[in-house]
4 protein chains.
Amino acid sequence: MLDLVIKNGEVVLPEGTFNFEIGIEDGLITKLASEIDEQADRTIDASGKIIIPGVIDGHTHFEMPYSTPAGTFLTSDDFLSGTTAAACGGCTTILDFVTPEPGQSLVEAFNMRKGVASRKAVIDFGLHVILNSASESTQQQMETLQNDYGVTSFKIFTAYKKRGMMLNDGELYGVLSKAKALGALILAHCENEDMINSNTSKLLSEQKNDPQYHALSRPDFVEAEAVQRMGFLSELTGASVLVVHLSSDRGLQMVLDSRLSGERLYAETCPHYLTLTNEVYQRKDAAIFLMSPPLKGKADLERLWKGIALGEISTVGSDHACFTLEQKMKAKVFTEIPGGVQGTENILPILLNGVTQGRITLEQLVKVTSFNPAKLYNLYPRKGTISPNSDADLVIVDPKKKMKLEHKYLHSNLDYSIYEDVNVEGYPIATIARGMLVFQDGQFVGKEGRGNYIFRRVPRFSS
Amino acid sequence: MLDLVIKNGEVVLPEGTFNFEIGIEDGLITKLASEIDEQADRTIDASGKIIIPGVIDGHTHFEMPYSTPAGTFLTSDDFLSGTTAAACGGCTTILDFVTPEPGQSLVEAFNMRKGVASRKAVIDFGLHVILNSASESTQQQMETLQNDYGVTSFKIFTAYKKRGMMLNDGELYGVLSKAKALGALILAHCENEDMINSNTSKLLSEQKNDPQYHALSRPDFVEAEAVQRMGFLSELTGASVLVVHLSSDRGLQMVLDSRLSGERLYAETCPHYLTLTNEVYQRKDAAIFLMSPPLKGKADLERLWKGIALGEISTVGSDHACFTLEQKMKAKVFTEIPGGVQGTENILPILLNGVTQGRITLEQLVKVTSFNPAKLYNLYPRKGTISPNSDADLVIVDPKKKMKLEHKYLHSNLDYSIYEDVNVEGYPIATIARGMLVFQDGQFVGKEGRGNYIFRRVPRFSS
Amino acid sequence: MLDLVIKNGEVVLPEGTFNFEIGIEDGLITKLASEIDEQADRTIDASGKIIIPGVIDGHTHFEMPYSTPAGTFLTSDDFLSGTTAAACGGCTTILDFVTPEPGQSLVEAFNMRKGVASRKAVIDFGLHVILNSASESTQQQMETLQNDYGVTSFKIFTAYKKRGMMLNDGELYGVLSKAKALGALILAHCENEDMINSNTSKLLSEQKNDPQYHALSRPDFVEAEAVQRMGFLSELTGASVLVVHLSSDRGLQMVLDSRLSGERLYAETCPHYLTLTNEVYQRKDAAIFLMSPPLKGKADLERLWKGIALGEISTVGSDHACFTLEQKMKAKVFTEIPGGVQGTENILPILLNGVTQGRITLEQLVKVTSFNPAKLYNLYPRKGTISPNSDADLVIVDPKKKMKLEHKYLHSNLDYSIYEDVNVEGYPIATIARGMLVFQDGQFVGKEGRGNYIFRRVPRFSS
Amino acid sequence: MLDLVIKNGEVVLPEGTFNFEIGIEDGLITKLASEIDEQADRTIDASGKIIIPGVIDGHTHFEMPYSTPAGTFLTSDDFLSGTTAAACGGCTTILDFVTPEPGQSLVEAFNMRKGVASRKAVIDFGLHVILNSASESTQQQMETLQNDYGVTSFKIFTAYKKRGMMLNDGELYGVLSKAKALGALILAHCENEDMINSNTSKLLSEQKNDPQYHALSRPDFVEAEAVQRMGFLSELTGASVLVVHLSSDRGLQMVLDSRLSGERLYAETCPHYLTLTNEVYQRKDAAIFLMSPPLKGKADLERLWKGIALGEISTVGSDHACFTLEQKMKAKVFTEIPGGVQGTENILPILLNGVTQGRITLEQLVKVTSFNPAKLYNLYPRKGTISPNSDADLVIVDPKKKMKLEHKYLHSNLDYSIYEDVNVEGYPIATIARGMLVFQDGQFVGKEGRGNYIFRRVPRFSS
């Protein structure tokens with residue numbers, strides 16, 4: 001007997017729209033059929049609703065310490081509240097980061113992080129490992145992590161030197177070469193460190209300390225230069241690189257330029273770059289909108305939407321790194337404010353609203369939220385599709401449901417919403433993670449610790 | 001009760017490889033499941049085999065009259081023998097052409113052709129309509145054909161002036177504009193008429209009459225110029241254009257160049273361009289290899305395979321237009337020999353062999369043989385996928401089966417094979433068309449006239 | 001003793017601006033010096049004035065018959081009035097065309113034309129020969145004309161089929177191949193004949209006969225398609241091709257695109273495309289502005305100026321083909337009106353005004369009016385520079401002189417000016433042709449028949 | 001009375017080849033004429049010879065201290081021996097560098113350097129100033145140096161951090177912005193510092209110390225990355241940047257790519273990259289060929305010649321930085337060997353030999369050796385042309401003279417030649433600097449300290 005049957009919904013996949021019923025058993029999709037007569041413990045009638053694969057948020061920062069001259073701040077969502085918020089936004093998988101301490105082995109850091117996450121996560125999760133060195137030992141551990149721990153993606157930074165995360169171009173060449181050899185994916189935070197420092201020094205020397213100046217310290221070219229360099233390195237080494245949190249037209253242009261030479265440079269953008277512009281930095285509470293790279297102009301926002309529509313941008317991750325009002329408002333100098341905003345619960349609603357507005361199609365939405373990240377992060381076909389034997393990770397969407405993305409409706413451990421005034425049409429009404437309803441009627445109905453760590457493998461070759 | 005269940009096969013779709021069982025009822029796929037327990041009339045155990053969607057051959061010329069100065073030749077396959085050969089090569093749908101006589105209405109020509117095909121075809125079929133005029137009336141009939149007769153694709157020629165098929169650039173502008181308004185697809189035969197005539201006159205004036213000179217009358221640039229022009233017109237009008245039977249690297253380059261400006265120019269190539277080169281024109285029986293555009297060199301062949309691998313070429317159609325040895329050998333002057341070769345039975349084996357050789361992946365094979373043509377020709381999702389509610393059009397492939405593409409194994413009404421010496425590894429062992437086994441164990445087991453005409457519709461928007 | 005010395009002027013060449021004095025003897029520049037003390041018959045004090053090489057107008061149509069359905073019209077300037085107007089506009093050399101009659105040998109046509117011109121021309125002249133066939137004989141005559149008659153440039157048309165001038169793509173391939181072998185230059189009139197015919201038929205069928213519809217029959221893409229095709233042929237054959245009378249942004253784009261592949265495709269534009277826009281076609285006297293290709297929009301005009309500034313456009317020729325008011329106004333249907341406008345006297349003033357407006361530099365002006373055409377047409381260094389041993393072809397310009405380009409100030413045999421309302425700042429005050437003052441103080445002071453035919457030779461290699 | 005007349009030579013300029021006589025008085029060209037009858041102190045009959053403008057070597061390092069871990073080495077040519085060698089190679093102007101000490105003002109460093117050079121130089125010279133900071137003060141001094149000291153070009157390094165010369169990307173943005181505001185030229189040494197360090201550490205850790213490993217520490221991509229970044233900065237700021245000593249195909253490709261976006265990125269290459277390849281690093285005396293960037297492969301050499309022929313490379317400077325055998329052979333570890341080779345005497349012979357070999361034309365040679373550097377460095381038209389009022393800087397070349405570039409024929413203060421086995425055809429036989437013969441019949445005949453410092457000015461706009 002089936003555990004769950006979903007009937008009458010319109011099923012949307014990247015390749016088209018279908019009408020079939022879905023049967024679920026033991027956390028897996030076991031049956032797709034024109035009609036399922038079989039008995040089931042529970043049946044959902046999805047008439048008038050849309051069923052899509054669960055969203056994969058490839059970019060969260062739960063319970064992550066963030067140091068500034070003003071102190072060390074911990075992101076306010078831990079793996080419990082964070083994955084809860086994710087689930088309530090239609091996510092069924094998240095990928096978070098392992099940040100090794102200076103001197104700590106990558107494997108040790110990985111094990112600690114995996115342990116914490118396993119105890120709390122309400123949905124499945126994977127882990128990217130941050131590379132803060134390019135040493136022989138680091139490169140050896142990349143191989144170990146991939147073979148023995150299921151880590152097929154590593155993150156590098158071209159900035160954040162003071163926080164110990166930046167790799168220089170020589171080091172990048174080393175780790176990208178290793179990633180190429182392993183078939184691993186490199187996630188790249190692209191900003192030019194020295195340009196930021198120059199701009200920042202100049203601003204501070206002019207007493208331009210307020211949060212709004214953060215954006216001026218990181219104009220679009222700061223991102224674009226680093227993206228161009230990453231394209232060069234990707235072509236040089238043959239490594240696949242995903243430029244994360246792409247924020248600007250200029251940056252996107254560099255991604256596209258690099259493709260002319262045939263490299264494998266991909267791009268992720270985030271819900272905030274698709275919703276807000278740098279006008280918010282004129283507000284009194286500008287600090288709550290402070291993240292890196294910062295918000296850009298209206299033309300950038302439009303170009304990023306178009307990039308999704310044209311298939312130029314491969315995925316939308318949240319870069320979810322929340323800080324409470326108190327954390328955000330503590331420091332007065334922009335260099336001391338922890339950077340980051342909420343997002344994991346907002347990816348799907350914001351993209352659905354884009355569908356309603358005619359910016360993208362539902363098929364494109366599904367592609368960037370599930371199919372593409374599943375392929376990039378080696379989760380496919382366990383995740384990222386609706387197919388027999390795949391995990392029963394599904395979202396039921398009401399395309400007509402209107403919502404205001406106010407704090408009171410959201411589930412992060414946070415006392416405000418950066419989307420307070422944002423109205424959307426199209427919203428998830430149920431999330432099913434490995435066969436279990438975890439979100440329904442606006443309520444979280446899942447279970448702490450039910451999320452599993454996903455051991456990933458690089459396929460022999462990709463299609 | 002199900003009519004047919006297929007178990008234990010590896011199911012390959014463009015998006016990946018899956019293991020599920022397929023249930024079929026009344027000609028439709030009704031169930032995909034991890035395991036089907038239900039009773040079925042018949043069960044196929046596909047262990048060790050691969051299951052893919054039925055091949056869509058978008059380019060056949062069955063029982064088509066072909067006039068040269070030496071007389072009018074009828075292609076030797078009629079809709080019965082032609083679709084039989086197709087089915088035995090893994091095709092479950094073909095699209096053939098309506099060729100209006102001078103002065104005949106397109107609708108009348110369509111109805112006659114549809115009638116003939118319906119009586120004989122053993123698999124489903126669609127019809128493209130050839131436009132031999134750009135008049136007001138022609139444009140009006142395009143609309144009628146699309147709305148009332150299910151024709152969403154029209155063919156044009158930039159050559160064949162004497163055969164009454166060529167449209168000049170002014171006329172092309174007219175019909176492409178209309179196609180854009182309708183959302184219809186234009187199939188374009190791209191060769192430069194005047195260049196061919198110049199070359200031909202020169203060759204004939206030098207007594208270079210033998211079949212081998214056909215190739216010299218149509219060097220690659222004859223194709224490339226016309227493709228470039230079609231790219232210009234596609235961009236200008238916004239119409240989607242499929243360049244059919246692309247034969248050369250130079251032609252492909254023009255397709256790619258045109259895409260830089262964002263037009264919708266697609267390309268089809270044919271099995272012969274992927275298998276044979278112009279070396280065969282040195283043979284005594286060169287005439288049997290005569291087609292337009294002619295075969296090119298080894299570098300072109302390699303580039304076309306790479307074009308499939310890179311997704312630059314959207315589909316592989318056969319351009320199946322057979323003539324018997326007698327028909328081919330009758331005339332001695334190359335301009336008098338009917339042009340065309342067999343192919344509908346060979347698409348899949350030749351591409352499977354490309355997979356065996358490591359040229360392309362199975363996923364790419366499926367994309368160009370079923371998914372892409374189904375999308376281009378508006379057959380999706382009825383055709384071109386394996387999904388509940390879709391037609392049960394499937395091929396079971398034995399990836400290890402070795403075959404020589406000799407005449408004796410093939411099913412066209414023909415007394416030779418142009419692939420006599422071609423060995424392949426990977427071959428279809430069963431074809432299922434709308435739920436019925438039509439090919440099995442090397443034998444045709446289908447039924448005359450069972451094929452249905454497919455009424456096609458342009459979707460409101462494409463993904 | 002020197003015949004003439006010019007002192008105190010600022011000498012402008014493409015490579016820079018200089019202050020030296022110029023000594024002239026027997027029609028040649030014999031001396032450039034910081035100061036010339038030597039005696040001279042005549043001394044011109046050019047204080048506050050600019051001295052540049054004489055303008056080479058590579059594109060005139062004097063006393064040319066032009067047939068339309070309404071009759072045959074002869075351009076109103078013969079070689080006397082035409083070269084007089086040219087001289088009064090700062091030209092010291094013009095190149096006109098030989099138009100062979102159907103069946104007439106190119107050499108015979110050349111000799112007749114040369115004879116007429118020699119008797120009348122007041123300044124030196126060269127002749128391009130129009131190719132109205134690509135036959136063996138034509139190609140042989142190209143060689144004879146080049147070797148024995150000093151013709152190194154030939155003109156082809158992609159349009160004007162009815163007027164017997166169009167070559168089709170096969171023929172173009174032939175003559176361009178021959179031009180490549182000879183090192184000759186092809187001048188190409190680029191418009192798509194069939195598109196024009198389609199548009200024209202449609203307009204006429206809708207009773208859109210008025211002159212203004214001429215422009216609608218030849219939108220920019222009519223030019224752009226033909227330019228793209230010419231770029232293809234230029235690359236294919238390796239021949240150098242000058243696209244004459246380029247009128248549109250879209251056409252220029254095609255020139256630039258073709259250069260990416262390394263072909264030798266050059267562009268000429270005309271003074272009218274730099275001064276007037278298609279707004280004039282709304283005027284009652286629209287017919288006087290009718291030429292092919294027709295005037296385009298403001299953005300095209302701006303882009304052409306920019307093309308000169310960026311070095312993308314190599315030269316500015318007049319395409320001077322005047323018709324009197326009576327000739328222009330006779331027919332009421334746009335297809336019956338002879339096409340063409342004045343221009344040879346206006347090239348320099350219009351470009352000088354562009355310098356005044358800051359659109360281009362004087363150096364760029366000199367490059368496109370003398371250096372480049374001298375190089376393209378193989379006149380260098382006899383023409384196109386200011387250097388000892390070169391012909392003493394000079395213009396003295398008053399950069400502050402204001403003029404209105406009204407009929408009363410101009411010298412063509414014409415009863416109106418298309419530039420009636422055009423004010424310019426910067427105007428030639430003297431023209432010296434082979435050492436003789438031919439224009440001074442607004443008056444023509446030259447002599448009928450003093451112009452020599454220039455026998456041209458292709459250099460072994462060009463720099 | 002004239003001081004000097006040169007008769008009967010063939011005068012070559014970028015725009016063509018001429019036959020005129022040249023009259024010189026008080027160091028200036030005062031007369032160009034078909035024939036000069038005037039009396040002259042001295043007449044040179046240049047029959048069968050070629051006369052070109054004096055070579056401008058924009059890149060010398062005379063008496064420059066160079067520190068490595070093995071000590072500080074002074075380049076072996078001082079301004080006397082260096083400019084002597086230059087003059088004997090056809091140079092009439094060199095531009096050397098001012099290297100401010102840490103903490104020293106740019107102006108002070110400039111004055112010291114100018115003083116030394118003025119006392120010794122035998123030909124005219126200019127000075128570029130190296131920027132080792134981007135501070136407010138540095139930027140202010142750039143302005144002062146330009147306005148008050150005639151310095152219109154500044155040099156930056158993307159490498160040589162330890163030697164205190166590297167500017168980071170933030171600093172580069174600052175100085176390029178300032179250069180744009182001033183209209184000054186930036187000379188850029190383009191190599192990626194971090195990549196070099198990574199490679200070097202790896203090599204040294206593997207005991208790969210020999211001179212040959214220097215080349216492996218700086219593969220072509222080390223240059224290409226930095227060139228790409230410089231292209232980005234040039235586009236971003238609008239500053240004109242000359243990439244000096246370009247050594248690789250890959251680097252050149254980046255220069256060309258950057259031009260697609262319209263930036264002003266120029267390239268200089270050096271005689272050694274046009275003559276030698278990295279095969280020499282297999283020799284026992286590899287150390288004498290050690291320079292940065294190092295020699296590349298044969299394909300790079302060929303591509304650089306083609307770059308000159310196509311006008312992609314703007315100039316050829318020597319990067320003359322000689323060290324004696326003892327200096328070169330002292331250290332055994334490649335990081336400790338002073339980098340640099342001779343060159344100022346070899347530019348012209350090596351390029352003349354390229355003309356003899358048919359690689360480039362004489363016109364192109366003149367363009368890159370005199371016209372282009374005169375324009376880039378704001379010396380034109382005082383230098384870089386043959387024109388009345390210009391400095392009488394000329395070289396008389398015997399295009400048939402054969403030479404071996406052995407040590408015994410050369411004039412640097414050096415005990416070997418890196419071109420020992422190089423045979424050339426085409427050699428200067430006389431150099432005239434400001435009207436004075438300084439080199440004749442293989443002998444230096446000039447005078448210490450006769451060279452003047454050239455005060456340069458940025459023109460209001462460039463052609």
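**Student:** It is not clear to me how the interface of chain A and chain B should be interpreted in this structure. Could you clarify?
**Tutor:** Buried accessible area, meaning the area lost when the parts come together, often serves as the stated size of an interface. Taken together, the 24 residues of chain A in the interface contact 24 residues of chain B. Together chain A and chain B conceal approximately 1900 Å² of surface at their shared face, both sides included; 54% is due to carbon and sulfur atoms. The interface formed by chain A and chain B holds zero salt bridges in total. Those elements that provide at least two residues to the side of chain A that touches chain B are strand E3 (16–18), strand E5 (28–33) and helix H12 (362–376) of chain A. Looking at the side of chain A that touches chain B, the element that brings in the most residues is E5(A), giving five residues. Considering only residue class, the side of chain A that touches chain B consists of 11 nonpolar, nine polar and four charged. Looking at chain direction, E5(A) and strand E5 (residues 28–33) of chain B are connected through three bridges and run antiparallel. Counterpart to A:Leu32 in the pairing with E5(B) is B:Leu32.

**Student:** Would you explain the sheet that holds strand E16 (residues 265–269) of chain B in this entry?
**Tutor:** Sheets are built from strands that pair by backbone hydrogen bonding, the pairs being arranged parallel or antiparallel. Residues and elements named next belong to chain B. Within the open sheet, the eight strands sit side by side as E8-E11-E12-E13-E14-E15-E16-E17. Their pairing is parallel. Of all strands in the sheet, those with a lone pairing partner are strand E8 (55–57) and strand E17 (315–316), marking the two edges. In this sheet, strand E14 (residues 185–189) lies alongside strand E13 (residues 153–157) in parallel orientation, the contact comprising five bridges. If you follow Lys-155 over to E14, its bridge partner there is Leu-187.

**Student:** Looking at this structure, how should I read the side chain of D:Gln141?
**Tutor:** Looking at the secondary structure, you find D:Gln141 in helix H3 (residues 136–149). Residues in contact with D:Gln141, not counting those within four places in the same chain, are D:Ser105, D:Leu106 and D:Val107.

**Student:** How should I be thinking about the pairing of strand E10 (residues 71–74) of chain D in this particular structure?
**Tutor:** Looking along a regular strand, one sees side chains alternate from face to face of the sheet. Residue and element names in this part refer to chain D. Bridge count for strand E9 (residues 65–68) against E10 is four bridges, and the pairing is antiparallel. What sits directly across from Pro-65, in E10, is Leu-74. The turn joining E9 and E10, which pair antiparallel and follow one another in sequence, is formed by two residues.

**Student:** What am I meant to see in the sheet that holds strand E13 (residues 153–157) of chain C here?
**Tutor:** Residue and element names in this part refer to chain C. With parallel pairing, eight strands are arranged side by side in an open sheet as E8-E11-E12-E13-E14-E15-E16-E17. Strands with a single pairing partner mark the edges of an open sheet, and in this sheet they are strand E8 (55–57) and strand E17 (315–316). Of the strand pairs in this sheet, strand E12 (residues 124–130) and E13 are connected by two bridges, and their pairing is parallel. Each residue of the ladder has a partner; that of Val-129, found in E13, is Phe-154. Sitting on the sheet, helix H12 (residues 362–376) is in contact with E8, strand E14 (185–189), strand E15 (240–243), strand E16 (265–269) and E17, with an inclination near 55 degrees to E8.

**Student:** What's the story with the relation of the copies chain B and chain C in this structure? I'm lost.
**Tutor:** Each of the two copies of the chain can be brought onto the other by a rotation about an axis and a shift along it. Turning chain B through 180 degrees and shifting it by 0.0 Å along the axis lays it on chain C, with an RMSD of 0.0 Å. On this basis, the relationship between the two copies can be described by a two-fold rotation axis. Using C-alpha coordinates, one finds that chain B approaches the rotation axis most closely at B:Arg229, a distance of 3.8 Å. Of the interface residues in chain B, 100% have counterparts in chain C that sit at the interface too, so the contact is made through matching surfaces.

Definitions and cut-offs
Residues numbered from 1 in each chain as written. Chains lettered and ligands numbered in written order. Predicted model: local features only at pLDDT ≥ 70, side-chain atom pairs only at ≥ 80, totals over all residues. Heavy atoms only, no water. Contact = heavy atoms within 4.5 Å. Buried area = accessible area lost by both parts, 1.4 Å probe. Salt bridge = Lys/Arg side-chain N within 4 Å of Asp/Glu carboxyl O. Helix = DSSP H or I, 4+ residues; strand = E, 2+ residues; numbered from the N terminus. Nonpolar A, V, L, I, M, F, W, Y, C, P; charged D, E, K, R; others polar. Pairing = 2+ DSSP bridges. Axes fitted to C-alpha atoms, helices over the stretch in contact; angles between N-to-C directions. Least-squares fit on C-alpha atoms with pLDDT ≥ 70 in both.

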